[in-house]
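What follows is each chain in one-letter form.
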Amino acid sequence: MSDFSKYAGNYTIDSDHSELGFTARHAMITKVRGNFDEFSGTVSANEDFSNVSINVEINTGSINTNNTDRDNHLRSGDFFETEAHPQITFVSNEAKPLDEDTLRVTGDLTIKGVTKQITIDFDFNGEATDPWGQTRVGFEGETTINRRDFGLTWQTKLDNGGVLVSEKIGLKFDLSLVKQQ
């Protein structure tokens, strides 16, 4: 169990030890998983968590599904249009502890120039001091968005009446935050 007040301070996301992933249904019969390899972010919180600020920037060109052709298609105008929209951003509006192990974060997610509010419940995974004396805290969370809400509308219909890519996209966050001195 955790008392979030003891984690007040300023943190940066350690992108080398974190993952921002997603899942989409392909042909409605299987899931394709991927992640973004390049991202950065900061988290600041006061002791009573009445003022929490979370800012994340994700390089859309760093999308990685382990398939070069699919990744290039996702970077194209059919999806992220990375030349015109090189970043996905998330800026928190509110963060509040739900219980001793869960932090609910609400904020603005911007993809391809479209901003929508989303809510993510993060489970607290603990605190550790690494071999270099840095304090780290871990959080893990997930949510689902509708890609069409963000202008990601490309689609192909299948002979069986289904579609090639699901509208619902699962987002998964596994974050290691390093406290700044």
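Now for a description of the structure that goes with this document. Being a predicted model, the structure only gives us computed values, none of them experimental.

Remarks on the side chain of R147
As for its position among the elements, R147 is in the loop between β10 (135-146) and β11 (165-179). For the buried R147, no salt bridge exists, and the shortest N-O distance to an oppositely charged side chain is 6.3 Å, to E167. Of the polar contacts made by the side chain of R147, one reaches the backbone oxygen of L152; its length is 2.6 Å. Among the polar contacts made by the side chain of R147, one reaches the main-chain carbonyl oxygen of V165 at a distance of 3.4 Å. Residues contacting R147, with those up to four places away along its chain left out, are F79, L152, T153, W154, Q155, V165, S166, E167 and I169.

A look at unusual backbone geometry
Positive phi values are uncommon outside glycine, yet A27 reaches one of about 60°. By the element assignment, A27 lies in the loop between β2 (19-26) and β3 (30-36). Of note in the backbone geometry, N66 takes a positive phi value of approximately 65° without being a glycine. Tracing the backbone shows N66 in the loop between β6 (63-64) and α1 (68-75). For N66, a relative accessible area of 73% puts it in the exposed group.

Some points on the pattern of salt bridges
Under the definition given, this model contains 7 salt bridges. Among the salt bridges present, the one from R136 reaches D130, with a minimum N-O distance of 2.9 Å. Accessibility expressed as a relative area gives 16% for R136, which makes it buried. Assessed through its relative accessible area of 11%, D130 is described here as buried. Salt bridges linked by common partners bring D14, D130 and R136 together as one network.

Focus on the side chain of D130
Its place among the elements puts D130 in the loop between β9 (114-129) and β10. Reaching out from D130, the side chain makes a polar contact with the side chain of R136 at a distance of 2.9 Å.

Points about the environment of V105
Its place among the elements puts V105 in strand β8 (residues 102-111). Accessibility expressed as a relative area gives 1% for V105, which makes it buried. When near neighbours in sequence (up to four residues on either side) are disregarded, V105 contacts I54, F90, S92, E94, A95, I118, T119, I120 and F122.

With respect to the packing of aromatic side chains
The geometry of an aromatic ring pair is captured by two quantities: the separation of the ring centres and the angle between the planes. Scanning the entire structure with this criterion turns up 6 aromatic pairs. Judged by centre distance (5.4 Å) and plane angle (55°), the ring pair of F79 and W154 falls under tilted. You can see F79 sitting in the loop between α1 and β7 (87-97) and its partner W154 sitting in the loop between β10 and β11, a full 75 residues away along the chain. When the centroid spacing of 5.9 Å and the interplanar angle of 55° are considered together, the rings of F122 and F173 count as tilted. With F122 in strand β9 and F173 in strand β11, this pair connects stretches of sequence that are 51 residues apart.

Side note on a negative patch on the surface
On the surface, D3, D99, E100 and D123 cluster together into a negatively charged patch. The topology assignment puts D3 in the segment before β1 (9-13).

Some remarks on the environment of D37
Checked against the element boundaries, D37 lands in the loop between β3 and β4 (39-45). Sequence separation between D37 and V114 is 77 residues, and the spatial gap between their C-alpha atoms is 22 Å. Ignoring sequence-local partners within four residues, the contact set of D37 consists of S62 and N64. A distance of 3.1 Å separates polar atoms of two side chains, one belonging to D37 and the other to N64.

Conventions we followed
Residue numbering note: each chain is counted from 1, following its sequence as written. Totals for whole chains, interfaces and linings use all residues, but because this is a predicted model, local features are given only for residues with pLDDT of at least 70 and pairs of side-chain atoms are given and counted only at 80 or more. The basis for every side-chain value is the complete set of non-hydrogen atoms in the structure, without hydrogens or water. Helix numbers and strand numbers start at the N terminus; a helix is a DSSP run of H or I with at least 4 residues, a strand a run of E with at least 2. Only protein chains enter the accessibility calculation, which uses a 1.4 Å probe; a residue whose area is less than 20% of its type maximum is buried, one above 50% is exposed, and one in between is partly exposed. A residue counts as positive if it is Lys or Arg and as negative if it is Asp or Glu; His and the chain ends are not included. By convention in these notes, a salt bridge is any Lys or Arg side-chain nitrogen within 4 Å of a carboxyl oxygen on Asp or Glu. Within 3.5 Å is the distance limit for a polar contact, defined as a pair of N or O atoms, with the added protein rule that one can donate a hydrogen and the other accept it, and that residues adjacent in sequence qualify only through two side-chain atoms. The contact definition used throughout considers only heavy atoms, calling two residues in contact when any of these lie within 4.5 Å. Here the aromatic set is Phe, Tyr and Trp, taking the six-membered ring for Trp, and pairing holds for ring centres within 6.5 Å; pairs whose planes are under 30 degrees apart are stacked, those over 60 apart are edge-to-face, and all others are tilted. Distance thresholds for patches are 9 Å for like charges and 5 Å for nonpolar side chains (Val, Leu, Ile, Met, Phe, Trp, Tyr), applied to residues having over 30% relative accessible area and no salt bridge. Areas reported as accessible are Shrake-Rupley estimates using a 1.4 Å probe. Residue values count occlusion only from the protein chains shown. For the purpose of locating charges, the reference atoms are NZ of Lys, CZ of Arg, CG of Asp and CD of Glu.

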